[in-house]
Structure formats: structure tokens, C-alpha cells
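The chain contents come next:
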Amino acid sequence: MTSMPATPPRLTGEALRAGYESRPVLDGVDLAVAEGKLTVLLGPNGSGKSTLLKTLARTLTPSSGRVCLDGQDIHRHKTREVAQQLGILPQGPDAPEGLTVRQLVGMGRFPHQRLWRQDAEQDARAIRQAMVYADVTDFAERSVDALSGGQRQRCWIAMVLAQETDLILLDEPTTFLDLKVQVDLLELLSRLAHEHGRTLLLVLHDLNLAAAYADELVMMRDGRIVANGPPEQVFTAHHLKRVFDLDAQVLEDPETGSPICVPYTRQGARARTRPTSPTVDRRAVS
Ligand SMILES: Nc1ncnc2c1ncn2[C@@H]1O[C@H](COP(=O)(O)OP(=O)(O)OP(=O)(O)O)[C@@H](O)[C@H]1O
């Protein structure tokens, strides 16, 4: 029996160098974003994660190397064509003043609309579904700028979901969200990949959530990829030290088998083993 050929990656970066005016950031990055999987980009502040995301989404033009969408240089595709296939949520986006949640989510439909051709039913369905997924239906008619940081973040996520693209790039989508909402969102994104075949690339800062939900982890430092592969292979004490300069031990989640990192907190450990106040033996007092 012949095995099915693996789907070739639709989005790739080859030998990417990119940055801002006189500040080079990406230093020769090669990345093929795994199809139908959830990939998480990890790295310390300033390591180039957002720059890589923006370069892959065509928001930033590389000074050398190229990004390919379906095998063709992404800059050769029309903007609308790219927007129909790739949705990006940048870090800390701003909504125009007074915009309601429903209007913001509706903006995700722009790439699918033309002056002379609009499918109102399809748009309304996509907007409704995205609002349910991101759990923002309750405040659909409220102004985005009158919401809390976490509620606003969910509205932006709904907007990207309403775009109904196969490729979804999210820069720190869990910022401002409480832990339960972070977990709910990662469950949803994971379902989009595993049940609906979407390809997701996210930047996260929470190492353990990244290790728990990612199919692939990409670890960056100083504009370069240091490690790339399934969490069980790359989420190691060695890489955490090399990428984050973090001293930690990596254990295995007894339920799921996912790697978990426990940072060594020397001060904390010392405080626990050396109590600051004298211990009182209650039996001696009574
Ligand atoms: N618009 C800009 N103009 C000039 N320099 C920038 C700009 N955006 C980012 N940089 C610089 O590029 C470098 C990489 O930034 P980038 O935002 O890609 O890092 P990051 O890994 O996403 O960081 P963080 O985790 O803090 O969001 C940093 O030194 C940053 O100061």
C-alpha cells in the first residue's frame, strides 16, 4: 500500500532577513508552517517573534529571502487574495472609536466582499459563528472601546475567525485573558486545526500552555530559530536555558504526557527551607 503524500506547507519563509530601517532583526530564518497544525512561536522579549509573524503575513517586506504562499512569492499575490487565505491578529490592535463589536467582527468579511457582489447570508453566518466561538455575542452591540482588555481581545479574535481563512496567525492572542479563558481559546484554536484542518501559528509567552497545546514549537532567540519540532523533542531544559536563559526542570504531565517546566526559584526555595519566624510547637503552648 502506498502512503498518502504529506500536504506541502502553504506558507514558508526562506532565508528571511527583515527588520526596521537600520535595525536588522531576522537573521536568516527558514520556516515551513506545518499544515493543519497548531504551531507556537516562543522566545524572549525582542527575539523577533512579531517581526517573523509580520514578515510571513506580508505586512513587512524582507530585505532578503522570501515568503511563499502556495509556492509563489507572497508579494506577487494580490492583497485581497492573501487576505482570503491568511488572517493575522497583530499585537495590541486599535479599533476605530465608537465601533460596535458586531461591526468590528464584520470587518473580517471585507476580503470576501465586492461592491457588486456580496453574500449577506454567508457574511452574517460567518460573523455569528465567529462571535459564538470567541464568546462575544453577549456584548455584540456594545462599543469596542467600552470593553475590558480581555473582552476586547476576544472581539479581535472573533474578527480574524470571521475572515474564515485557512491560515491564521495570532500574535499573543491570550494577552489580558484570565487563565480559564486562555485555556478555552487554546481549545478552540486546537479544534480549528485538528477538526477543521486550519493552519495556525501563534506567539505565546506561557511556556506550559505552549507545550500543552502546540503540535510544533518554534523557539527563537536573537532573530534566529534555535529549535523547531514537537514539544516532546524541543521543550527541554537545555533549550529553555539556551533560548530564555531560564534554569528549569522539565517534567511530564502525568495525565497528558506533555512536558511541563518548573523554573528553579532559588530565593523561594531558600525562604521555604529557612523559616523567617521561629516555629512554635503548639503542644508545648497548651
Ligand atoms: N516598528 C519598529 N521599529 C523599530 N524597531 C522595532 C519595531 N518593532 C520592533 N522593533 C525592534 O525589533 C526587535 C524585535 O522585536 P519583535 O517585536 O519582533 O520581538 P518579539 O520577540 O515579538 O518581542 P515581544 O515578546 O516583546 O513582543 C526588538 O529589538 C524591537 O525593539
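What counts and how
- Residues numbered from 1 in each chain as written.
- Predicted model: local features only at pLDDT ≥ 70, side-chain atom pairs only at ≥ 80, totals over all residues.
- UniProt positions renumbered as here; feature names shortened; annotations may be inferred.
- Helix = DSSP H or I, 4+ residues; strand = E, 2+ residues; numbered from the N terminus.
- Buried ≥ 20, exposed ≤ 12 C-beta atoms within 10 Å, placed from the backbone.
- Contact = placed C-beta atoms within 7 Å.
- Near = placed C-beta within 6 Å.
- Nonpolar A, V, L, I, M, F, W, Y, C, P; charged D, E, K, R; others polar.
- Pairing = 2+ DSSP bridges.
- Expected span 1.5 Å × (residues − 1).

Looking up the chain in an unreviewed UniProt entry gives the name ABC transporter ATP-binding protein, with the organism given as Halomonas urmiana. Comment text from UniProt for the chain, heading Sequence similarities (unreviewed entry), reads "Belongs to the ABC transporter superfamily." Note on the chain: under the UniProt heading Subcellular location (unreviewed entry), the record states "Cell membrane".

Engineer: Help me understand the overall build of the chain in this model?
Structural biologist: Within the chain, the secondary structure is distributed over eleven helices and twelve strands. The buried share among the 286 residues of the chain stands at 36%.

Engineer: I keep staring at the environment of Ile127 and nothing clicks. Help me out?
Structural biologist: Relative to the helices and strands, Ile127 resides in helix α4 (residues 120–133). Judged by the 23 C-beta atoms lying within 10 Å of it, Ile127 is buried. On a C-alpha basis, the gap between Ile127 and Leu42 in space is 30 Å, while along the polypeptide they are 85 residues apart. Ignoring any residue separated from it by four or fewer positions in sequence, one finds Ile127 in contact with Arg102, Val105, Gly106, Arg109 and Ala162.

Engineer: How should I be thinking about the site of the ligand in this particular structure?
Structural biologist: Surrounding the ligand, one finds Tyr20, Arg23, Val25, Gly43, Asn45, Gly46, Ser47, Gly48, Lys49, Ser50 and Thr51. Elements with a minimum of two residues in the shell around the ligand: β2 (23–32) and α1 (49–56). Broken down by element, the shell around the ligand gets its largest block of residues, three residues, from α1. Of the residues in the shell around the ligand, the class split is two nonpolar, seven polar and two charged.

Engineer: Whenever I open this one, the environment of Gly43 confuses me. Can you help?
Structural biologist: You can see Gly43 is positioned in the loop between β3 (38–42) and α1. Separated by 18 residues in sequence, Gly43 and Thr61 have C-alpha atoms that sit 22 Å apart. Setting aside chain neighbours within four positions, we find Gly43 in contact with Lys49, Met219, Met220, Arg221 and Val243.

Engineer: Before we go on, may I ask you to explain unusual backbone geometry in this structure?
Structural biologist: The general pattern is negative phi for most residues beyond glycine and trans for most peptide bonds. A positive phi angle, near 45°, is found at Ala15, a position not held by glycine. Mapped onto the secondary structure, Ala15 falls in strand β1 (residues 11–20). For Asp245, which is not glycine, the phi torsion reads 60° and is therefore positive. Of note, Asp245 is situated in the loop between α9 (237–244) and β11 (248–252).

Engineer: Would you take a moment to explain the sheet that holds β2 for this structure?
Structural biologist: In sheet architecture, strand pairing relies on hydrogen bonds along the backbone and comes in two forms, parallel and antiparallel. What the four strands build is an open sheet, ordered β2-β1-β4-β5; its pairing is antiparallel. Where the open sheet ends on each side, the last strands, each with one partner, are β2 and β5 (72–73). Two elements, β1 and β2, share seven bridges in a ladder whose sense is antiparallel. Paired with Arg17 across the bridge in β2 is Asp27.

Engineer: Sorry if this is basic, but what is going on with helix α5 (residues 149–162) here?
Structural biologist: Between the first and last C-alpha of α5 there are 20 Å, a value that for 14 residues agrees with the 20 Å anticipated at 1.5 Å per step. Most of α5 is tucked away: twelve of the 14 residues are buried. Among the residues of α5, Gln151, Arg152, Gln153, Arg154, Cys155, Trp156, Ile157, Ala158, Met159, Val160, Leu161 and Ala162 are the ones counted as buried. The secondary structure elements touched by the buried residues of α5 are β6 (86–89), α3 (101–107), α4, β7 (167–171) and α6 (179–194).

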